[in-house]
Amino acid sequence: GAVVSQHPSWVICKSGTSVKIECRSLDFQATTMFWYRQFPKQSLMLMATSNEGSKATYEQGVEKDKFLINHASLTLSTLTVTSAHPEDSSFYICSATSRLDEQFFGPGTRLTVL
Amino acid sequence: GQQLNQSPQSMFIQEGEDVSMNCTSSSIFNTWLWYKQEPGEGPVLLIALYKAGELTSNGRLTAQFGITRKDSFLNISASIPSDVGIYFCAGNAGGTSYGKLTFGQGTILTVHP
């Protein structure tokens, strides 16, 4: 149980384009999903908290107009990186939870912006 | 903001040896979690701790929630090559930040056969 998937697993795009990443909880309903970014050899940094049916809460320093988050159902959240630039290249990981004291992570999405 | 100090940063050990890593915080946490991450993958939950003083095992892994609620350790006994990876501690402070995890910097574990 507690399986979280992400799609795509990797994506390469040109600078200036937008990229959408999906996060799905496969065997449970996730009231809350979290989006993280991880640079090489670094820890996970929380970008935003997403609750189903409401606006995401962004961490300080994360541009909400650049990283659009939609949590339309209890099993799906999407992160759209708008007008991507090379500095947005990173490993993006989502997590999902139905009880806030435990989070289950997706396998991550490697974004490379050329 | 809250910070977790995880040590050591890296460990190089021989197969069969025991491993110990720990995390400390300047503030109190209500939950401590230990994750393992392999290259190109998301973190996988190893052990979750919910009460101060709690000692929990998962196979060869043992973790404890410190009495002061400001620290936790993870032990791996009789290490094997597949234990290789990055181990992260994570804490949840509760209150207004309920649900949000703060991560340690990670411990890179290398096991030589």
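This text gives an overview of the structure that appears in the document. Here the structure is a predicted model, which means the values were calculated and not measured.

**Examining unusual backbone geometry**
Reasoning step 1: Going from His7(A) to Pro8(A), the amide bond is cis rather than trans, its omega being 0°.
Reasoning step 2: Pro8(B) follows Ser7(B) through a cis peptide bond whose omega is -5°.
Reasoning step 3: Topologically, Pro8(B) is positioned in the loop between strand S1 (4-7) and strand S2 (10-14).
Reasoning step 4: Non-glycine residue Lys41(A) carries a positive phi angle of around 60°.
Reasoning step 5: Take Lys41(A): it is sitting in the loop between strand S4 (32-38) and strand S5 (45-51).
Reasoning step 6: For Ala78(B), which is not a glycine, the phi torsion comes out positive at approximately 45°.
Reasoning step 7: Here Ala78(B) is to be found in the loop between strand S8 (71-76) and strand S9 (85-92).
Reasoning step 8: Look at Ala78(B) and you get partly exposed, because its relative accessible area is 37%.

**A closer look at the state of the cysteines**
Residue and element names in this part refer to chain B.
Reasoning step 1: Applying the stated rule across the entire model yields two disulfides over all chains.
Reasoning step 2: Each disulfide pairs two cysteine sulfurs, and for Cys23 the partner residue is Cys89, the sulfurs being separated by 1.7 Å. Between Cys23 and Cys89, the S-S torsion sits near -80°, and that sign places the bridge as left-handed. Residue Cys23 is located in strand S3 (residues 19-25), and its partner Cys89 is located in strand S9; the two are separated by 66 residues in the primary sequence.

What counts and what doesn't
- Residues numbered from 1 in each chain as written.
- Chains lettered and ligands numbered in written order.
- Predicted model: local features only at pLDDT ≥ 70, side-chain atom pairs only at ≥ 80, totals over all residues.
- Heavy atoms only, no water.
- Helix = DSSP H or I, 4+ residues; strand = E, 2+ residues; numbered from the N terminus.
- Buried < 20%, exposed > 50% of the residue type's maximum accessible area, 1.4 Å probe, protein only.
- Disulfide = S-S within 2.5 Å.

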